[in-house]
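# Structural features, examined
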Amino acid sequence: MKLIKRQGFAFAALLASCLGSAALAQQQAIPASNAAPDAGGLTGSVTDDSAWRDLGIAIPAFPTDRSVATAADGGNTEALGRNLARVVFGDLKNNGLFKPTGPDALPTIQYGEVAAPAFAGWRARSAEMLVQGFVKGAANGQITVGCYLYDVALGKELMRQGYVVRPEEWRRAAHKCSDMVYARLSGESPFFDSKIAYIAETGPKDHRRKQLAIMDSDGANHRFITNGQTTALTPRYSPNYRQIAYLSYLDGRPRIYVYDIGSGQQHLVTATKGPTFAPRWSPDGKFILYSMAIAGNTDIYRVPATGGESRRLTNTPGINIGGSYSPDGSKIVFESDRGGSQQVYVMNADGSGAHRISFHGGRAATPEWSPRGDQIAFTCICGNLRVAVMDPQGHNLRYLTDSWQDEAPTWSPNGRIIQFFRTEKGSGHTSIWQVDLTGRNERRLKTPVDASDPAWGPVLP
């Protein structure tokens, strides 16, 4: 979904669905409200990683001009409008920055009020910001969704956007609305309209069936990608979102595959004789890092994403594993026991200049560089397994979780939220969780089965 903005008007063109299908709709403009336009003076920032503030946001149900049947959830545009507002409410509530009130706790509004807010009534409810929208059905089955953001105290329209979607894509319109609100009020890049790849696990803990699966950033629209006949591990989205690299074991042999999301086809990148681990993309999408064990030694290699000859980047006794590029592609963070214990190291992209950065006590594993470049998330093995972050020099260590076994952190597209998987003590059940950089806003994502190895993809086009 591509947005084109001009002089306060916002247009949306669905150039492709989230699975890369043909164009779905043309650009769509929505009318200006009768509220005074904002001059661009209200801005914010959460780049200091601290708690921002509890900003009260009212999100009533999105009314429709007339209730018509639709294949989207709810069966008609009136019910869909409430569902849309519920998704926006959930997105804004769960990121930890805002204090929204959703449609189920607010009075309904009429279609004509969307562009003419009753600011006095919302002020009486102590709402600081107001998100109103509408939904309209078309004869061809498509849906138009409008989204407006208002400053209640100032009585101003801050932003608006319009989207045209197919019925099955209605949640994307809601996530785009959330992204608009989040970006405008926080000063950060959005992340709600994105996907998560993970490993779906079933069966007893000593004989797990592991399938590649994907879902929306809030856990909705779950879909299996592989059938589970071979074990799938450690998926990662390509930088342009179009592909997923993952590790598969067929006949006991490790293979790195790249799955094309649009076509549903996949191609073999490399098949190795030794145990292989953790494929990771370069920022330009041209290469994939992976680790391979040969004769008791594990090193990091780089291979073209299209397949071909691998290049060895590390060459030291012991175990070198992981490999995550810095956003500019100049450096790689990885884990190694070359110094006697499992720790985090950074090296240049060509393998030179490797040096240890973790000196906090305990061991460290599964490092991943933030999309913003300012922090590295990793698993701290210090008694329990905890998710922690530090800067690329190894300073300013902060623990974000404190459970029995939390591991394998992955960043949201904007570097504000971290996802990881948690293993229950005793049962071995696994689940996906997320926590923001304050460490105070933690929640579990619902999945139909046990889940591990999450990988957060970029914001959808």
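Because the structure is predicted, anything quoted here is derived from the model rather than measured. (Residues numbered from 1 in each chain as written. Predicted model: local features only at pLDDT ≥ 70, side-chain atom pairs only at ≥ 80, totals over all residues. Heavy atoms only, no water.)

### Concerning the overall build of the chain
What counts here: By definition, any uninterrupted DSSP run of H or I lasting at least four residues is a helix, any uninterrupted run of E lasting at least two residues is a strand, and each is numbered from the N terminus. We compute the radius of gyration from the C-alpha atoms alone; for a globule the expected value is 2.2 Å times N to the 0.38, where N is the number of residues. Burial classes: relative accessible area under 20% of the type maximum marks a residue as buried, over 50% as exposed, and values in between as partly exposed (1.4 Å probe, protein chains only). Working rule for contacts: check all heavy atoms of both residues, and any pair within 4.5 Å makes them a contact. Note on areas: these come from Shrake-Rupley sampling with a 1.4 Å probe, and a residue is covered only by the protein chains present in the view. Think of it this way: Lys and Arg go in the positive column, Asp and Glu in the negative one, and His and the chain ends go nowhere. All charge positions are set by atom: Lys at NZ, Arg at CZ, Asp at CG, Glu at CD.
A tally of helices and strands in the chain yields three helices and 32 strands. Taken over C-alpha atoms, the radius of gyration comes to 23 Å for the chain, in line with the 23 Å a tight globule of 461 residues would show. Considered along the principal axes of its C-alpha atoms, the chain spans approximately 70 × 45 × 45 Å. Looking at the chain residue by residue over its 461 residues, the buried ones come to 56%. For the chain, restricting intrachain contacts to residue pairs at least 6 apart in sequence, the fraction spanning at least 24 positions comes to 47%. Taken as a whole, the chain presents about 18,600 Å² of accessible surface, with 49% of it coming from carbon and sulfur. Averaging the coordinates of the 49 positive side-chain charges in the chain and doing the same for the 42 negative ones gives two points 2 Å apart.

### Here's the deal with the environment of Leu445
Tracing the backbone through its elements, the reader meets Leu445 in the loop between strand S31 (442–444) and strand S32 (450–459). Under the relative-accessibility criterion, Leu445 is labelled buried at 0%. Sequence-wise, Leu445 and Ile300 are 145 residues apart; in three dimensions their C-alpha atoms are separated by 32 Å. When sequence neighbours within four positions are dropped, the list of residues in contact with Leu445 reads Ile196, Met215, Ser217, Asp218, Gly219, Gln419, Ile432 and Gln434.

### A word on the side chain of Gln161
Let me state the cut-off plainly: We call two N or O atoms a polar contact when they sit within 3.5 Å, provided that within protein one can donate a hydrogen and the other can accept it, with sequence-adjacent residues counted only if both atoms are side-chain atoms.
Structurally, Gln161 can be placed in strand S8 (residues 156–165). Of the residues examined, Gln161 reaches a relative accessible area of 2% and is grouped as buried. Only 2.8 Å separates the side chain of Gln161 from the side chain of Tyr163, close enough to count as a polar contact.

### Section: the environment of Gly274
Take Gly274: it is sitting in the loop between strand S15 (266–271) and strand S16 (276–281). In this structure Gly274 comes out as buried when scored by relative accessible area, which is 10%. Each residue touching Gly274, except ones within four places of it in the same chain, is listed here: Pro254, Met292 and Ala293.

### Comments concerning helix H1 (residues 77–94)
Rule in force here: Take the number of residues in a helix, subtract one, and multiply by 1.5 Å to get its expected span.
In a regular helix each residue adds 1.5 Å, so 18 residues correspond to 26 Å; H1 covers 26 Å between its end C-alpha atoms and thus fits that length. All buried positions along H1 are accounted for by Thr77, Leu80, Gly81, Asn83, Leu84, Ala85, Val87, Val88, Gly90, Asp91 and Leu92. Structurally, the start of H1 carries an N-cap: the backbone nitrogen of Glu78 is 3.1 Å from a side-chain oxygen of Asn76. In the stretch just after H1, Gly96 is the one whose phi turns positive, near 90°.

### Let's talk about the pairing of strand S20 (residues 320–325)
Put simply, the test is: In short, DSSP must find at least two bridges between two strands for them to pair.
The element S20 is largely enclosed, with a buried count of six among its six residues. Pairing between S20 and strand S21 (residues 331–336): four bridges, direction antiparallel. The residue bridging Ser324 from the neighbouring strand is Val333, located in S21. In textbook terms, the turn of a hairpin is the stretch between consecutive antiparallel strands, and for S20 and S21 this stretch comprises five residues, one of which, Gly329, has a positive phi near 80°.

### Thoughts on the sheet that holds strand S4 (residues 55–58)
Let me state the cut-off plainly: Here the axes come from fitting lines to C-alpha atoms, over the contacting stretch only for helices, and the angles between their N-to-C directions go from 0 to 180 degrees.
If you walk across this open sheet you meet the six strands as S3-S8-S7-S6-S4-S5, and the pairing is mixed. Two strands in the sheet have a free side with no partner beyond their single neighbour: strand S3 (36–37) and strand S5 (98–101). Both S3 and S8 contribute to a ladder of two bridges, which runs parallel. For Pro37, the partnering residue across the bridge sits in S8 and is Glu157. Each of S4, S5, strand S6 (129–137) and strand S7 (143–151) touches H1; the most contacted strand, S6, lies at about 145° to it.

### Some words on the pattern of salt bridges
Selection rule: Whenever a carboxyl oxygen of Asp or Glu lies within 4 Å of a side-chain nitrogen of Lys or Arg, that contact is scored as a salt bridge.
As enumerated under the stated definition, the model contains 21 salt bridges in all. Of the charged contacts in the structure, one is a salt bridge between Glu157 and Arg160, with a shortest N-O distance of 2.3 Å. For Arg160, a relative accessible area of 6% puts it in the buried group. When salt bridges that share partners are traced, they join Glu169, Arg172, Lys176 and Asp193 into one network.

### Things to note about the state of the cysteines
Rules: The criterion for a disulfide is a pair of cysteine sulfur atoms lying within 2.5 Å.
Using the criterion set out here, one finds two disulfides in the structure. Through a disulfide, Cys147 is tied to Cys177; the S-S separation comes to 2.0 Å. Here the disulfide of Cys147 and Cys177 is right-handed, its torsion about the S-S bond being about 50°. Of this pair, Cys147 sits in strand S7 while Cys177 is found in helix H3 (residues 170–186), placing the two residues 30 residues apart along the sequence. Among the residues examined, Cys177 registers a relative accessible area of 0% and is labelled buried. The disulfide partner of Cys380 is Cys382, and the gap between their sulfur atoms is 2.5 Å. With relative accessibility at 0%, the residue Cys380 sits in the buried group. Its relative accessible area of 27% is what places Cys382 among the partly exposed residues.

### Observations regarding the sheet that holds strand S29 (residues 417–423)
Read from one edge of the open sheet, four strands run S28-S29-S30-S31, paired in antiparallel fashion. A single partner strand is all that each edge strand has here, and the edge strands are strand S28 (406–411) and S31. Across the sheet, the mean angle separating the axes of adjacent strands is 25° when strand polarity is ignored. Where S28 and S29 come together, four bridges link them in antiparallel fashion. Within S29, the position partnered with Thr410 by the bridge is Gln419.

### Examining unusual backbone geometry
We note that Ala408 has phi near 60°; this positive angle belongs to a residue other than glycine. One can find Ala408 in strand S28. Accessibility expressed as a relative area gives 13% for Ala408, which makes it buried. In this model, Asp453 sits at a positive phi of 50°, which is unusual for a non-glycine residue. Taking relative accessible area as the criterion, Asp453 reaches 15% and is therefore assigned buried.

Note that every value here comes from positions in space, so none of it alone points to a role or purpose.
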